[in-house]
Every structure is written in C-alpha cells, then in structure tokens.
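Here are the chains, one letter per residue:
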Amino acid sequence: MIILHRRTNKTRYVPAAAGQSNTPVKKEYIMNYMYIGNVSVHSTNPSEPDTLTVFLHDPDEAKKPPVMLTAHGTLAQYIHELSCTDHEEKYMRKRFHYNSFCVLQKVEVLDYKSSTHAVKTITEGSDSTEFID
C-alpha cells in the first residue's frame, strides 16, 4: 500500500498485502480555481460565527453560472465589512481564488481598466481594514 501526502511530493511505502505490488502512484493535487465577479449574497451559520457562505456572480456575463464558496477568518471578515460599506471597492470586480473544496483562498481587487491587474490582494492573515475609495 502507498500513502501519499497531499502537500508534499513524498511517497511512503507500507508493506503490501499478499498479492499486491509496491508500485508508486501519481500524487494527488488539490486543484485551484479562479472566478472573476462580485459577491451577490453572503450568509453565516450560527454554529460557525467565523465562517461565511459566499455566493459569487458576474453581472457582465449572464451565461456564467454563480459559485458558492466558504470563507473563513480574515477573508470572511473582509467580505462582511465590505458589504456594510459604500466604498468604491465594493463595486470593483474581484478575482476569487479557491480550492477544490470550495474554500476561498485569496481575493484580488481588479483595476477598472484591466481584468488582469490587481490593485489590492487580501489573503488569510492580511490587513483589510482600509478600503479603496
């Protein structure tokens, strides 16, 4: 039997049962995904106060399906505080990075003129108290 560690390239061999061989298997990678759009709605669960369920949409592309993600910690706080303000940053498009478990990893606020240039990046543990006016 082979045990793979998700975050490293290490493969560990465990003695195989009778009739099985010790052949290496390809490593599993956690997929990373990206969505460009804005937060349409967010909600919180009373049993998990530091966690938000976030629904994303892209108002510029009607055929693009919405996405439901989970945000924790600093990212959840950033989304909640931004929804309670009327700063310009609230209306700017954002690039949301998330993994295959639909957990938000990073938010990048995009420039109005370009969908590739990030004006601000928010990650877990970063300071998001100052918004763009």
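Residues numbered from 1 in each chain as written. Predicted model: local features only at pLDDT ≥ 70, side-chain atom pairs only at ≥ 80, totals over all residues. Heavy atoms only, no water.

Trainee: Describe the side chain of Glu-89, with residues and values.
Mentor: Mapped onto the secondary structure, Glu-89 falls in the loop between helix 1 (73-83) and strand 6 (94-99). Other than its neighbours up to four places away in sequence, Glu-89 contacts Tyr-78, Leu-82, Lys-94, Val-109, Lys-120, Ile-122, Glu-130, Phe-131 and Ile-132. (Helix = DSSP H or I, 4+ residues; strand = E, 2+ residues; numbered from the N terminus. Contact = heavy atoms within 4.5 Å.)

Trainee: I'd like a rundown of the pairing of strand 4 (residues 48-57), residues and numbers included.
Mentor: In this sheet, strand 4 lies alongside strand 3 (residues 32-45) in antiparallel orientation, the contact comprising 7 bridges. Pairing of Asn-45 across the sheet is with Glu-48, part of strand 4. Relative to strand 5 (residues 67-72), strand 4 is paired through 6 bridges, and the arrangement is antiparallel. In the strand pairing of strand 5, Leu-56 is matched with Val-67. (Pairing = 2+ DSSP bridges.)

Trainee: Which residues make up the pattern of salt bridges, and what are the values?
Mentor: A full pass over the atoms with the stated rule returns 6 salt bridges. Here Arg-93 makes a salt bridge to Asp-58, at a shortest N to O gap of 3.3 Å. In this pair, Arg-93 sits in the loop between helix 1 and strand 6 while Asp-58 sits in the loop between strand 4 and strand 5, placing the two residues 35 residues apart along the sequence. Under the relative-accessibility criterion, Arg-93 is labelled partly exposed at 27%. (Salt bridge = Lys/Arg side-chain N within 4 Å of Asp/Glu carboxyl O. Buried < 20%, exposed > 50% of the residue type's maximum accessible area, 1.4 Å probe, protein only.)

Trainee: Tell me what's going on with the packing of aromatic side chains, and back it up with residues and numbers.
Mentor: With the rule as written, the count across this model stands at 1 aromatic pair. Above the ring of Tyr-35, the side-chain terminus of Lys-64 is found at 4.3 Å from the ring centroid. (Phe/Tyr/Trp six-rings, centres within 6.5 Å; stacked < 30°, edge-to-face > 60°. Lys NZ or Arg CZ within 6 Å of the ring centre and 35° of its normal.)

Trainee: Before we move on, could you go through unusual backbone geometry and cite the residues and values that matter?
Mentor: The backbone phi angle of Cys-102 is positive, close to 60°, even though this residue is not glycine. Of note, Cys-102 is situated in the loop between strand 6 and strand 7 (104-110).

Trainee: Explain the pairing of strand 3 residue by residue, including any values.
Mentor: Regular strands show a simple pattern: their side chains alternate between the two faces of the sheet. In terms of strand pairing, strand 3 meets strand 6 through 6 bridges, oriented antiparallel. Bridged to Asn-32 within strand 6 is Asn-99. As consecutive antiparallel partners, strand 3 and strand 4 are separated by 2 residues.

Trainee: Lay out helix 1 in plain terms, naming residues and giving numbers.
Mentor: Looking at helix 1, one finds that the buried residues are Thr-74, Leu-75, Ala-76, Tyr-78, Ile-79 and Leu-82. Each element contacted by the buried residues of helix 1 is listed here: strand 3, strand 4, strand 5, strand 6, strand 7 and strand 8 (118-123).

Trainee: Before we move on, can you summarise the sheet that holds strand 5 with the specific residues and values?
Mentor: As summarised here, the arrangement of the 6 strands in space is 5-4-3-6-7-8, forming an open sheet in which the pairing is antiparallel. A single partner strand is all that each edge strand has here, and the edge strands are strand 5 and strand 8. The mean angle between the axes of side-by-side strands here comes to 40°, regardless of whether they run parallel or antiparallel. Relative to strand 8, strand 7 runs antiparallel, the two sharing 5 bridges. (Axes fitted to C-alpha atoms, helices over the stretch in contact; angles between N-to-C directions.)

Trainee: Outline the environment of Glu-61, listing residues and values.
Mentor: If you trace the backbone, Glu-61 turns up in the loop between strand 4 and strand 5. Since its relative accessible area comes to 41%, Glu-61 is described here as partly exposed. For Glu-61 and Gly-37, which are 24 residues apart along the polypeptide, the C-alpha to C-alpha distance reads 9.1 Å.

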